[in-house]
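# Report on the structure
Take a look at the letters that make up each chain.
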Amino acid sequence: MSDLHDLCRFAERPITSKYVDQLNFYLRSGIPATYTIEEAYNYTNDIAAEPTTTTTPLHLICTHVPENATAEELKVVDTMVQTLFEYGAGWCLSDVNNDTPGCILIKRKLNHLNIYTQIVDSGVRAELLLRKVGEFDMEIIEDTDDLDHDRFGEVPELVEEKAEQIEQPKSDEKPDPEESNKSNQQSYLNTKLEYVDNALITKDRKDGVMMAWETDLMRLGCESLFKGSIIEDNEEDSEINILNIGFGMGIIDTMINEKNPTKHYICEAHPDVLAKLKADGWYDKKNVVILEGRWQEQLDKLLSSGEVYFNGIYYDTFSEHYSDMLELFDYVVGLLKPYGVFSFFNGLGADRQVVYEVYKKLSELDLANYGLQCTFTSVEVPKETLQENDKSVWDDVKRSYWSCPVYYHPEARFIDL
Ligand SMILES: C[S@@+](CC[C@H](N)C(=O)[O-])C[C@H]1O[C@@H](n2cnc3c(N)ncnc32)[C@H](O)[C@@H]1O
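Residues numbered from 1 in each chain as written. Predicted model: local features only at pLDDT ≥ 70, side-chain atom pairs only at ≥ 80, totals over all residues. Heavy atoms only, no water.

Naming follows an unreviewed UniProt entry, where the chain appears as Arginine N-methyltransferase 2 of Scheffersomyces stipitis. For the chain, the Sequence similarities (unreviewed entry) comment in UniProt is given as "Belongs to the class I-like SAM-binding methyltransferase superfamily. RMT2 methyltransferase family." Looking at the Subunit (unreviewed entry) heading of the UniProt record, one finds this comment for the chain: "Monomer." (UniProt positions renumbered as here; feature names shortened; annotations may be inferred.)

So, about the overall build of the chain. A tally of regular secondary structure across the chain gives 15 helices and 10 strands. Scored against the burial criterion, the 417 residues of the chain give a buried share of 51%. Considering only residue pairs separated by 6 or more positions, the chain has 71% of its internal contacts joining residues 24 or more positions apart. Carbon and sulfur atoms make up 48% of the accessible area of the chain, which totals about 20,600 Å². (Helix = DSSP H or I, 4+ residues; strand = E, 2+ residues; numbered from the N terminus. Buried < 20%, exposed > 50% of the residue type's maximum accessible area, 1.4 Å probe, protein only. Contact = heavy atoms within 4.5 Å. Areas by Shrake-Rupley, 256 points an atom, 1.4 Å probe, with all protein chains shown as cover.)

Here the structure, examined in full by the defined rule, presents 13 salt bridges. Put simply, Lys 192 and Asp 272 hold a salt bridge, and the shortest N to O gap is 3.1 Å. Here Lys 192 is found in the loop between α9 (177-190) and β1 (193-196), whereas its partner Asp 272 is found in helix α12 (residues 271-279), with 80 residues between them in sequence. Glu 194 is the salt-bridge partner of Lys 206, the closest N and O atoms lying 3.7 Å from each other. A residue pair is termed long-range when its members are at least 10 positions apart, and Lys 206 in the loop between β2 (199-202) and β3 (208-211) and Glu 194 in strand β1 qualify at 12 residues. Assessed through its relative accessible area of 25%, Glu 194 is described here as partly exposed. (Salt bridge = Lys/Arg side-chain N within 4 Å of Asp/Glu carboxyl O.)

Contacts to the ligand come from 26 residues, most closely from Tyr 188, Ile 252, Glu 268, Asp 316 and Glu 320. With respect to the ligand, the backbone of Met 249 contributes an N or O atom lying 2.9 Å from an oxygen atom. In the environment of the ligand, an oxygen atom lies 2.6 Å from a nitrogen or oxygen atom belonging to the side chain of Glu 268. Looking at the shell around the ligand, the elements with two or more residues in it are α9, β3, α11 (251-258), β5 (263-268) and α13 (295-305). (Near = heavy atom within 4 Å. Polar contact = N/O pair within 3.5 Å; in protein donor to acceptor, adjacent residues only side chain to side chain.)

Summing up the model confidence of the chain, the mean pLDDT is 89 and the portion of residues at 70 or higher is 87%. Under a pLDDT of 50 for its full length, residues 163-175 has, in the predicted model, 23 contacts with residues more than four places off or in other chains. (pLDDT = per-residue confidence, 0-100.)

Let us look at the sheet that holds β2. Taken in spatial order, the three strands of this open sheet run β1-β2-β3, and their pairing is antiparallel. In this open sheet, the two edge strands, each paired with only one partner strand, are β1 and β3. Each adjacent strand pair in this sheet contributes to an overall mean axis angle of 15 degrees, direction not counted. Examined bridge by bridge, β1 and β2 share four bridges and lie antiparallel to one another. (Pairing = 2+ DSSP bridges. Axes fitted to C-alpha atoms, helices over the stretch in contact; angles between N-to-C directions.)

What follows concerns the packing of aromatic side chains. In this structure the tally under the stated criterion is 18 aromatic pairs. Where Tyr 265 meets Phe 310, the ring centres are 5.3 Å apart and the plane angle is 85 degrees; that geometry is what we call edge-to-face. Taken together, the residues Tyr 265 in strand β5 and Phe 310 in strand β7 (residues 310-315) connect sequence positions 45 residues apart. Ring-pair connections join several aromatic residues into one group, and the members of that group are Trp 213, Phe 345, Tyr 356, Phe 376, Trp 402, Tyr 407 and Tyr 408. Taking the ring centre of Trp 282 as reference, the NZ or CZ of Lys 285 above it sits at 4.9 Å. Geometry around Tyr 408 places Lys 360 over its ring, the cationic atom sitting 4.8 Å from the centre. (Phe/Tyr/Trp six-rings, centres within 6.5 Å; stacked < 30°, edge-to-face > 60°. Lys NZ or Arg CZ within 6 Å of the ring centre and 35° of its normal.)

Time to look at the side chain of Asp 95. If you trace the backbone, Asp 95 turns up in the loop between α5 (71-86) and α6 (101-107). A polar side-chain atom of Asp 95 sits 2.8 Å from the main-chain amide nitrogen of Asn 97. A distance of 2.9 Å separates a polar atom in the side chain of Asp 95 from the backbone nitrogen of Asp 99. Those residues in contact with Asp 95 that lie beyond four places of it in its chain are Thr 53, Thr 54, Thr 55, His 59 and Ile 104.

Okay, the packing of helix α14 (residues 322-335) against helix α15 (residues 353-369) next. Between two packed helices, what matters for the description is the angle formed by their axes and the separation of those axes. One way to put it is that α14 packs onto α15 with a least axis distance of 11 Å and a crossing angle of 25 degrees. In terms of orientation, α14 lies roughly parallel with respect to α15. Read as a crossing pair, α14 and α15 show a hand that is right-handed. Contacts between α14 and α15 involve Tyr 322, Leu 326 and Phe 329 from the former and Tyr 359, Leu 362, Ser 363, Asp 366 and Leu 367 from the latter. (Parallel < 35°, antiparallel > 145°, perpendicular 65-115°, else oblique. Left-handed = near helix turned anticlockwise from the far one by under 90°.)

This is the structure in structure tokens:
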């Protein structure tokens, strides 16, 4: 423990501006904002090894900010956190319990504090910055390997979506992000799938591609899509076209088809899922059009043909990343009718609540850049999805892709409509 770490434990009350002065003094003296307890321990005990966990001053603040802090004290704590971020504190470094500072506040039920919002905002800024660095392939620091390989740096085990864990060949070369996304997808598309009770899973690794616990979330998605069939003054469009990307278990498609839209397009890439669509008679339904293949190719053709525009578009795939979704937005704005609705399975970062909140803000910002205003409805998820229960939906599945108590259901429409 160093003096900087001691300071962040708030041993002395009340917490006054002296804390900020002291913090500024340490940081200006050159102590990094990310200086960890582990590094301090190793330094004191002459240990050369690189520590594997990172308990930073921000972790300590989140652990020790008093529950009974007054409004004045909280203002001081806010300024301390702001100062740490100005000096480069990391929002997603993890401590010995694998907790980020935000996770600690959630565990302490203190995520209503402004310092939690600061952490989430810092996550959004970091993601936007990393994206720019990736876009221009900027070599702004000597070793950018971490930035290239892992968009969220130190967040361990970050699951961005329903991401499968199929082994990739190792290579020393820096991957082109677009190419590496494609090859991830190809591995998934070559993987055998299996429909079991209440789930679609990968045959070998038992990763959940789709699970029945999401049925209520799919219902919300379906309801949102049909909201896009109302033009104005409750007048219904004469032609209602819906596009769903990713068939999976066909849960949302069954709901959509029961509402009998004029045209129901389904885009699906996996051969085993396409076989299921065939076996279950989806190809024979009059209003259904199946787009066989990846949406990246299929929607391009659809957009160029100008044959159809949609009242609702839903996106729920597997083994794709947020960068894919950003590419999808180009097609969404091209294919959506002016009063149409875009929605998606919002599992972005959902294996860690604070990351989930970062993605919520980020997707809202990104959609706004495309002229789409996204609103989120908070919905409680079934208790069986939370692993602290005796019986959970993940019992027979290799790895969970969900561990948040609340689902943020997204609904996006063109701004000003
Ligand atoms: C999570 S499931 C969809 C579940 C669906 N919402 C339901 O209600 O059952 C994801 C589906 O997306 C498909 N998929 C993955 N990547 C795709 C892509 N690039 N284009 C089209 N389909 C894709 C997968 O094969 C899988 O069937």
